[in-house]
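Take a look at the letters that make up each chain.
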Amino acid sequence: MTSSPTPGLTRFNALDDSAATAELREVCASSAWGSKLLAQRPFAGADALFSANEAAMAELTAEDLAEAMAGHAPIGRPKPGDPTSAREQRGMAGASEELRNELLELNLAYQEKFGHVFLICATGATGEFMRDAVKVRIDNSPEQEREIARGELVKINRIRLTRLVELVEEGERA
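These numbers were taken from a predicted model, which means no experiment stands behind them.

(A) Expanded view of the side chain of Arg131. The residue Arg131 is located in helix 8 (residues 127–137) in this model. Ignoring any residue separated from it by four or fewer positions in sequence, one finds Arg131 in contact with Leu99, Glu102, Leu103 and Leu106.

(B) Summary view of the confidence of the model for the chain. Scored by pLDDT, the chain has a mean of 88; 91% of the residues are at 70 or more. When mean pLDDT is compared element by element in the chain, helix 3 (residues 31–38) scores highest at 98, while helix 6 (residues 83–88) scores lowest at 72. Predicted confidence is poor over residues 169–174, with pLDDT under 50, and the contacts of this stretch with residues over four places away or in other chains come to seven contacts.

(C) Focus on helix 7 (residues 97–114). Taking 1.5 Å per residue as the helical rise, helix 7 with its 18 residues ought to reach 26 Å, and the 25 Å between its terminal C-alpha atoms agrees with that figure. When we look at burial in helix 7, the residues that qualify are Leu99, Leu103, Leu106, Asn107, Tyr110 and Phe114. Down the axis of helix 7, the buried side of the element spans an arc of 110 degrees, and every buried residue falls inside it. More than 90 degrees from the buried face of helix 7, the exposed residues found are Glu97, Glu98, Glu105 and Glu112. In this structure, the buried side of helix 7 is in contact with helix 8 and helix 9 (142–166). At the exit of helix 7 stands Gly115, carrying a positive phi of roughly 80 degrees.

(D) Representation of the state of the cysteines in the model. Inspection of every chain in the model, using the stated rule, returns zero disulfides. Take Cys28: it sits in no disulfide, and the sulfur closest to it among the cysteines is that of Cys121, at 13 Å. Judged by relative accessible area, which is 1%, Cys28 ranks as buried.

About the criteria used
- Residues numbered from 1 in each chain as written.
- Predicted model: local features only at pLDDT ≥ 70, side-chain atom pairs only at ≥ 80, totals over all residues.
- Heavy atoms only, no water.
- Helix = DSSP H or I, 4+ residues; strand = E, 2+ residues; numbered from the N terminus.
- Contact = heavy atoms within 4.5 Å.
- pLDDT = per-residue confidence, 0-100.
- Expected span 1.5 Å × (residues − 1).
- Buried < 20%, exposed > 50% of the residue type's maximum accessible area, 1.4 Å probe, protein only.
- Arc of directions from axis to C-beta.
- Disulfide = S-S within 2.5 Å.

What follows is the structure, encoded as structure tokens:
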């Protein structure tokens, strides 16, 4: 737990609103979420930032969640040229063609049912784990699935915020 600002968090706290908004959009595509975090700056430490993430996610409407989910690539198909998407879906790197095709079919069925991508915190997860999760979650109601996706977004945002607060300067890591 971090009780004081890291150099990266100090840098983030000092950014003008436009630059801070741009960085927050890289974490989460929801403009409502970004506005809620922006309004709470400066953060005393990473824990305060993580708590703000959780509180902001809890307050998002269904439309805000849809906006947040729209910023995520389908599992097994990271956005070309997007290092964040590729890093988070690294567990698919060694997946067989059969598993990739199965995930594509499941993703399409999920998207058809729920109207958005299947969202899971993919960091550290294998292709098989994600496939099994889709198979289980596709039977959920839209309301259940929206709340599960909200929880997954909290986890994804926390990982991305951790990278943001560790960032010292463009291209450097603490």
